[in-house]
Number of protein chains: 2
Amino acid sequence: MTVQPAREHRRTRQRAAVDEVLDETADFISAQELHALLRARGAGVGLATVYRTLQTLADDGRVDVLRSDAGEAVYRRCAREEHHHHLVCRSCGATVEIAGPTVERWAKSVADQHGYADVSHTLEIFGTCPRCAA
Amino acid sequence: MTVQPAREHRRTRQRAAVDEVLDETADFISAQELHALLRARGAGVGLATVYRTLQTLADDGRVDVLRSDAGEAVYRRCAREEHHHHLVCRSCGATVEIAGPTVERWAKSVADQHGYADVSHTLEIFGTCPRCAA
DNA sequence: ATCAAGACTGACAACCATTGTCAAAACCTC
DNA sequence: GAGGTTTTGACAATGGTTGTCAGTCTTGAT
Ligand SMILES: [Zn+2]
Ligand SMILES: [Zn+2]
Ligand SMILES: [Zn+2]
Ligand SMILES: [Zn+2]
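Notes on the structure follow.

What counts and how
- Residues numbered from 1 in each chain as written.
- Chains lettered and ligands numbered in written order.
- Predicted model: local features only at pLDDT ≥ 70, side-chain atom pairs only at ≥ 80, totals over all residues.
- Heavy atoms only, no water.
- Donors = N, O, S within 2.8 Å, 3.2 Å for Na, K, Ca; no water.
- Buried < 20%, exposed > 50% of the residue type's maximum accessible area, 1.4 Å probe, protein only.
- Pairing = 2+ DSSP bridges.
- Helix = DSSP H or I, 4+ residues; strand = E, 2+ residues; numbered from the N terminus.
- Axes fitted to C-alpha atoms, helices over the stretch in contact; angles between N-to-C directions.
- Contact = heavy atoms within 4.5 Å.
- Near = heavy atom within 4 Å.
- Polar contact = N/O pair within 3.5 Å; in protein donor to acceptor, adjacent residues only side chain to side chain.
- Nonpolar A, V, L, I, M, F, W, Y, C, P; charged D, E, K, R; others polar.
- Arc of directions from axis to C-beta.

## Digging into the coordination of the zinc ion (ligand 4)
Residues and elements named next belong to chain B.
Then, in step 1: Protein coordination at the zinc ion (ligand 4): the donors are His83 (NE2), His85 (NE2), Glu104 (OE), Glu104 (OE) and His121 (NE2), at 1.9 to 2.6 Å from the metal.
Then, in step 2: Coordination of the zinc ion (ligand 4) draws on donor residues from a single chain, spaced H-x1-H-x18-E-x16-H in sequence.
Then, in step 3: Residue class for His83 comes out partly exposed when judged on its relative accessible area of 48%.

Structural data, given as structure tokens:
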């Protein structure tokens, strides 16, 4: 019995294109925006494919997802893959990655106190970045 | 020139009905669910009106809003109107209101350090409540 | 009580992000 | 190259939410 190589996803032109945009984009971006970008730069990719690719990346923890004020899902390739949070500019989307060890412990302890198990949490900070503060 | 009394919203049967359901419901509930509830108990209210009413209540800070995993907006009348957060059961929706003074200060300080102004944040803790832990 | 002004309602259409469909295309292994 | 699997993409379908607008209801004033 041979050890099966971890079945990775295939590398296709479409996935490479999505990956490239994510690497070049510092801010959170929606699937629709990403799709428009790709179309604009010639390397067209089907909208459904963009959604599927982002979904997969998110499942694999290779991109972070959060919901904009409008409820639209937005994606970002973060420098660190470990758990962290974000300080996001409401106006231009400029993002700073944040670590908060104290908050992590606090959240866990609060959940424990109330007997909640299998705990997770969401935490994002929004504001107006220096460049957008006219 | 007489001083105008603060123009409040009008009191209508529909808004009273929505209010009543919110007071009776301990868990976060979606607009669609609330609409179905009202219809079921006879006091029918138009779906658009339910949405508008919840929107208004949220704007006035009279109900809390957050997004379910599915991206659907869910609403809840909380005991305290001051800023707070929630510990929510992923399975049954049972909710505990949480205050986190330390987190509040931390969030503000992080934003300040990066020059972000007009700061707000979202923070919710999810888990499985004691009753749902089979 | 009556009335006018305008806030509110609701059935329905419109929107729009996201997902489902499925035949064609790309890819991999033998 | 053949056969089997994965991926793609145009299009339809879904579903929450908002827009429309004529008719209804509240309210404050008469
Ligand atoms: Zn900015
Ligand atoms: Zn965290
Ligand atoms: Zn529960
Ligand atoms: Zn807070």
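## A short note on the sheet that holds strand β5 (residues 95-98) of chain B
Then, in step 1: Sheet architecture is open: six strands sit in the order β5(A)-β4(A)-β6(A)-β6(B)-β4(B)-β5(B), paired in mixed fashion. Strands with a single pairing partner mark the edges of an open sheet, and in this sheet they are β5 (95-98) of chain A together with β5 of chain B. Neighbour-to-neighbour, the strand axes of this sheet turn through a mean angle of 20°, independent of strand direction.
Then, in step 2: Pairing of strand β4 (residues 85-89) of chain A with β5(A) involves four bridges; the strand directions are antiparallel. Paired with A:His85 across the two strands is A:Ile98, which belongs to β5(A).
Then, in step 3: Lying on the sheet, helix α4 (residues 101-113) of chain B is in contact with β4, β5 and β6 (117-128) of chain A together with β4 (85-89) and β6 (117-128) of chain B; it crosses β6(A) at an angle near 40°.

## As for the protein's contact with DNA strand C
Then, in step 1: What surrounds DNA strand C is a group of 20 residues, the closest being A:Tyr51, B:Arg10, B:Thr12, B:Arg15 and B:Arg52.
Then, in step 2: Here DNA strand C approaches the protein such that, of its atoms within 4 Å, sugar and phosphate make up 65%.
Then, in step 3: For DNA strand C, a phosphate oxygen lies 2.7 Å from a polar atom in the side chain of A:Tyr51.
Then, in step 4: Take B:Gln14: an N or O atom from its side chain is 2.9 Å from a sugar or linking oxygen of DNA strand C.
Then, in step 5: Of the residues that constitute the surface near DNA strand C, the class distribution is six nonpolar, seven polar and seven charged.

## Describing the pairing of strand β3 (residues 73-76) of chain B
Residue and element names in this part refer to chain B.
Then, in step 1: Both faces of β3 are covered, namely the face carrying Ala73 and Tyr75 and the face carrying Val74 and Arg76.
Then, in step 2: Two elements, strand β1 (residues 29-30) and β3, share two bridges in a ladder whose sense is antiparallel. Its bridge partner lying in β3, Ile29 is registered against Tyr75.
Then, in step 3: Inspection of the sheet shows strand β2 (residues 64-67) paired to β3 by four bridges, in the antiparallel sense. Counterpart to Val65 in the pairing with β3 is Tyr75.
Then, in step 4: Between β2 and β3, which pair antiparallel in sequence order, lie five residues; one of them, Gly71, sits at a positive phi of approximately 90°.

## So, helix α2 (residues 31-40) of chain A
Residues that lie three or four places apart on an α-helix share one face, since the helix turns once every 3.6 residues.
Residues and elements named next belong to chain A.
Then, in step 1: Of the residues making up α2, those classed as buried are Ala31, Leu34, His35 and Leu38. Here the buried residues of α2 occupy an arc of 100° about the axis, which is enough to place them on one side.
Then, in step 2: Buried-residue contacts for α2 involve α1 (13-24), β1 (29-30), α3 (47-59) and β3 (73-76).
Then, in step 3: Gly42, located one to two residues past α2, shows a positive phi value of around 90°.

It is worth stressing that arrangement in space is one thing and function is another; only the former is reported here.
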